[in-house]
Amino acid sequence: GFISPFCPVQFVVLTIMANILHPTETKFEDTWQKGDMKPTTLKLLHQQSVSKREWQNLFWDVHHVCSWDDHGGEKLYDALRGLILSFISECQQRVLGHQDDAALLRSYISEWVKFFAQCQYLPKPYMMLGTRNNKSGPGGSVAPAGSTQERPKDGMLVEKLMLDLWNESIFSTIKGRLQDSAMKLVHSERSGEAFDTQLVIGVRESYVNLSSDADDRLKIYRDNFENSYLTATRAFYKGQASQYLAENGVRNYMNYAAEKLREEDQRAMRYLETSKESHSLHK
């Protein structure tokens, strides 16, 4: 089965043991290509079973590379970035293989849920890449060359990398289709048709969790999903309300408006973000 989160105390102990037992230099190329480092990382990405020994060795190997290979941090960062990009490309091909709106949403949500779960696990063995004590000397800085981005909080570099790569690749490529497909389903519901509400909820949740900006975790959700939802709502009622008023008169229209407001309040509670940081329900 899959491993449990690694205890920070164990990491400290392993670090001390590594310095004692392996005082000789460790080269990135030997550890990544010829050892278990790359295979274990691939297993994690694909949510395959990882033994306790493989899991602990990955912490050990990351420490060695960052400590004993000049610029080992940069090399490891670049290799990890390439591996994650390749994995995301495979996800993208599977998602884009679907033409039907519901199938596209279902496939994207499935791929995202699995990837997001790994955003909680994969960064743990690589947390040394994002710590302040690895920004100079052996292992060097792992920030991309020429980068002007703020340094992430300690231990957060790989999580940020994973979220940013997903955002820049698969999400940026198909977010238009995702939003259009989700809004079509909401339109169908407003027109009295039934559908799987979890498809829209799943897309919303992916937007909420995708941002790597610690100061504004809802930016991607707000700029994309929420904006599309509000635009679609305005477009729907702009046509419906005028037609209903013309056909049924003012008194019936007022009752119609009150009923639709109640429906939209309930719909917003289902499909929009309701956390304290969000103001979606007040728009």
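Everything quoted here is computed from the prediction, not taken from an experiment.

Q: What should I look at first to understand the overall build of the chain in this one?
A: Along the chain, the regular secondary structure elements total 9 helices and 0 strands. The order of helices and strands in the chain, counted from the N terminus, is α-α-α-α-α-α-α-α-α. Counting only residues that meet the buried cut, the chain has 43% of its 283 residues in that class. Restricting the contact set of the chain to residue pairs at least 6 apart, pairs at least 24 apart contribute 75%.

Q: Could you clarify how one ought to interpret the nonpolar core in this entry?
A: Side chains that are nonpolar tend, in soluble globular proteins, to be buried together. Leu-76, Ile-84, Tyr-108, Phe-115, Tyr-126, Trp-166 and Phe-225 are the most contacted members of the largest nonpolar core, which has 65 residues in total. Listed by contribution, the elements that provide at least two residues to this core are helix H2 (28–34), helix H3 (37–45), helix H4 (52–68), helix H5 (72–96), helix H6 (101–121), helix H7 (157–190), helix H8 (197–210) and helix H9 (219–271). Broken down by element, the residue count for this core peaks at 15 residues, all from H7. Once residues lying within four places of it in the same chain are set aside, the contact partners of Tyr-108 are Val-95, Trp-166, Ile-170, Phe-171, Ile-174, Leu-178 and Ser-206.

Q: I tried to follow H7 on my own but got confused; where do I start?
A: An α-helix turns once every 3.6 residues. As a result, residues three or four positions apart point the same way. When the terminal C-alpha atoms of H7 are compared, their 42 Å separation across 34 residues is substantially less than the 50 Å that a helix rising 1.5 Å per residue should span. The largest bend in H7 amounts to roughly 55° and is located at Phe-171. Of the residues flanking the end of H7, it is Gly-192, one or two places downstream, whose phi is positive at about 95°.

Q: Would you take a moment to explain unusual backbone geometry for this structure?
A: Across the chain, the bulk of peptide bonds are trans and the bulk of non-glycine residues have phi less than zero. Backbone geometry places Gln-47, a non-glycine residue, at a positive phi of 55°. Of note, Gln-47 is situated in the loop between H3 and H4. Relative accessible area serves as the criterion here: at 36%, Gln-47 is assigned to the partly exposed category. Even without glycine at this site, His-71 takes up a positive phi of about 65°. Relative to the helices and strands, His-71 is located in the loop between H4 and H5.

The rules behind these values
Residues numbered from 1 in each chain as written. Predicted model: local features only at pLDDT ≥ 70, side-chain atom pairs only at ≥ 80, totals over all residues. Heavy atoms only, no water. Helix = DSSP H or I, 4+ residues; strand = E, 2+ residues; numbered from the N terminus. Buried < 20%, exposed > 50% of the residue type's maximum accessible area, 1.4 Å probe, protein only. Contact = heavy atoms within 4.5 Å. Core = buried A, V, L, I, M, F, W, Y, C linked by side-chain atoms within 4.5 Å. Expected span 1.5 Å × (residues − 1). Bend = angle between axes of the 7 residues up to and from the residue.

Take it as geometry only, folks, not as evidence of what the structure does.
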